[in-house]
Amino acid sequence: MISLSLGTLLPALTAMYAQKDWERLRASYLRGCRYILWLTMLVSCPVFVYAPELIRLFVGDLYQGAAPVMRMRLLLLPLMQTIGLLSPLTNATAQLREFCLATFVSQVIRLGVAIYLVKVLKMGAFGAALSMLLVVGFAIALVFWPLGLRMAHVTFGQFAREVLARGLLPMAVAVGDGFLVRGMVLPSSWLGLAAQGLFCCLLYIITLGLFCLDRNERGLGLRFWKWLGVTPALGPTP
């Protein structure tokens, strides 16, 4: 759904770049990456916390080896979503060559590392997931972050404040408290898993609403709650 929605942003990003409207382009890039991160991690946090229970209830204890592989793959997801708007931005700015070359090189390196971990070190699926986390994670931080920041005319400080800090805070709270609850009461049924997963999502939404929304986003949220007939308490505006 997120990938499909990104296509609708291409004409607007292209117009901003053609008109050299760097302020709007900068704001759109930061806001888009943050929203993509928020939406993705809302679903991913409970899956990361309760991966062993999910595997056990779905296919049985025989396949518990899949749980660390799932968690390893999900560890990469926050990094990947911080550049969620990079692909349409490269199309809008006609700078596909650098993006495609960096993607190709990183995938070739990842394949080589995966073959070594799986065939030589006999690490199996966990080794394949580890190779993706290490290689793609470093590629995002060292190549794709600077590429996106340069195209969008964004400084790293702005990116760190607007995307990393505000985008990852709800995830940190939800995952940390989720592991705490899981340590106290381990879910043994689908009902218990659903209840704890929803609690994890609720913590995520509360943290997002209280600490991560700016004034405009908070105004939209207030209008939505008032439409539902609810007046929520407000936290500080970042």
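Our subject is the structure that appears above.
Each chain has its residues counted from 1, following the order in which its sequence is written. The predicted nature of this model means local features are confined to residues of pLDDT at least 70 and side-chain atom pairs, given and counted, to a pLDDT of 80 or more, with totals for whole chains, interfaces and linings taken over all residues. In computing side-chain properties, one takes all heavy atoms of the structure into account and sets aside hydrogens as well as water.

1. Quick look at the overall build of the protein chain
Next, step 1: Strands here mean DSSP runs of E at least two residues long; helices mean DSSP runs of H or I at least four residues long; both are numbered from the N terminus. Looking only at helices and strands, the protein chain features 11 helices and 0 strands.
Next, step 2: Counting from the amino terminus, the protein chain carries its helices and strands in the arrangement α-α-α-α-α-α-α-α-α-α-α.
Next, step 3: For the protein chain, the spread of C-alpha atoms along the three principal axes comes to 60 × 55 × 30 Å.
Next, step 4: In the protein chain, the proportion of contacts linking residues at least 24 apart, taken out of those at least 6 apart, comes to 75%.
Next, step 5: Per-residue accessibility takes into account occlusion by the displayed protein chains alone, with areas from the Shrake-Rupley method and a 1.4 Å probe. With an accessible surface of roughly 13,100 Å², the protein chain has 72% of that area assigned to carbon and sulfur atoms.
Next, step 6: Positive and negative side-chain charges of the protein chain, numbering 20 and 9 respectively, have mean locations separated by a distance of 4 Å. The contact rule is simple, with two residues in contact once any of their heavy atoms fall within 4.5 Å. In this tally, Lys and Arg are treated as positive and Asp and Glu as negative; His is ignored, and so are the chain termini. For charged residues, the charge sits on one atom: NZ in Lys, CZ in Arg, CG in Asp, CD in Glu.

2. A closer look at the nonpolar core
The nonpolar side chains of a soluble globular protein tend to be buried with one another.
Next, step 1: If you look at the biggest cluster of nonpolar residues, it comprises 36 residues, and the most contacted ones within it are Y29, L85, L86, I140, F144, V154 and F159.
Next, step 2: Elements that contribute at least two residues to this core include exactly α2 (10–18), α3 (22–49), α5 (66–81), α6 (86–92), α7 (96–120), α8 (124–152) and α9 (156–184).
Next, step 3: By residue number, the principal contributor to this core is α8, which donates 13 residues.
Next, step 4: Excluding residues within four positions of it along the chain, F159 makes contact with L30, T82, W145, L149, V154 and L164.
Next, step 5: Among the nonpolar cores identified, the runner-up in size contains 19 residues, and Y50, L77, L193 and C212 belong to it. Take the buried residues of types Ala, Val, Leu, Ile, Met, Phe, Trp, Tyr and Cys, join any two whose side-chain atoms come within 4.5 Å, and each joined set is a nonpolar core. Only protein chains enter the calculation, and the probe is 1.4 Å; a residue is then buried if its accessible area is under 20% of its type maximum, exposed if over 50%, and partly exposed in between.

3. Brief notes about the packing of α3 against α8
Next, step 1: Angles shown run from 0 to 180 degrees and are taken between the N-to-C directions of axes, each axis being a line fitted to C-alpha atoms and, for helices, limited to the stretch in contact. At a minimum axis distance of 9 Å, the contact between α3 and α8 shows a crossing angle of 145°. Where α3 approaches α8, its residues W22, L25, R26 and Y29 are matched on the opposing element by G148, M151 and A152.

4. Some remarks on the packing of α2 against α3
Next, step 1: At a minimum axis distance of 8 Å, the contact between α2 and α3 shows a crossing angle of 145°. Two packed elements cross with a definite hand, and for α2 against α3 that hand is left-handed. Packed against α2, whose contacting residues are L13, M16 and Y17, the element α3 presents W22, R24, L25 and S28 at the interface.
Next, step 2: Gly falls in the polar group here, along with every residue not listed as nonpolar (Ala, Val, Leu, Ile, Met, Phe, Trp, Tyr, Cys, Pro) or charged (Asp, Glu, Lys, Arg). Broken down by class, the residue content of the contact of α2 with α3 amounts to 5 nonpolar, 1 polar and 1 charged. Working rule for handedness: look at the near helix, and if it is turned counterclockwise from the far one by less than a right angle, call the crossing left-handed; if clockwise, right-handed.

5. Observations regarding the environment of Y17
Next, step 1: Mapped onto the secondary structure, Y17 falls in helix α2.
Next, step 2: Relative accessible area serves as the criterion here: at 28%, Y17 is assigned to the partly exposed category.
Next, step 3: If near-sequence neighbours (up to four positions away) are discounted, Y17 is found in contact with W22, L25, A92, T93 and Q95.

6. A few points about the pattern of salt bridges
Next, step 1: Salt bridges are counted wherever a side-chain nitrogen of Lys or Arg sits within 4 Å of a carboxyl oxygen of Asp or Glu. Evaluation of the coordinates by the stated rule reveals 10 salt bridges.
Next, step 2: A salt bridge links R34 to E162, with the nearest nitrogen and oxygen atoms 3.4 Å apart. With a gap of 128 residues between them, R34 in helix α3 and E162 in helix α9 connect regions that are remote in the sequence.
Next, step 3: E217 serves as the salt-bridge partner of R34, at 2.7 Å between the closest nitrogen and oxygen. Taken together, the residues span a long stretch of sequence, with R34 in helix α3 and E217 in helix α11 (residues 215–228) at a distance of 183 residues. With respect to class, R34 is no different from E217; both count as buried.
Next, step 4: A single network of salt bridges, built from pairs that share partners, joins R34, E162, R166, D214 and E217.

7. Some points on a nonpolar patch on the surface
Next, step 1: A cluster of nonpolar side chains, contributed by F58, V59, L62, Y63 and W190, occupies part of the molecular surface with about 620 Å² of accessible area.
Next, step 2: Within the secondary structure, L62 is located in the loop between α4 (51–59) and α5. Distance thresholds for patches are 9 Å for like charges and 5 Å for nonpolar side chains (Val, Leu, Ile, Met, Phe, Trp, Tyr), applied to residues having over 30% relative accessible area and no salt bridge.

8. As for the side chain of Q81
Next, step 1: Considering the arrangement of structural elements, one finds Q81 in helix α5.
Next, step 2: Classification of Q81 as buried rests on a relative accessible area of 14%.

9. Some words on the packing of aromatic side chains
Next, step 1: For Phe, Tyr and Trp, rings pair up if their centres lie within 6.5 Å, where Trp contributes its six-membered ring, and each pair is then called stacked (planes under 30 degrees apart), edge-to-face (over 60) or tilted (otherwise). Scanning the entire structure with this criterion turns up 7 aromatic pairs.
Next, step 2: Note on W145 and F156: the rings are 6.3 Å apart at their centroids and 45° apart in plane angle, and the pair reads as tilted. Of the two residues, W145 is situated in helix α8 and F156 in helix α9; the sequence distance between them amounts to 11 residues.
Next, step 3: The buried category is assigned to W145, whose relative accessible area is 12%.
Next, step 4: Ring pairing ties together the aromatic residues W145, F156 and F159, which thus form one cluster.

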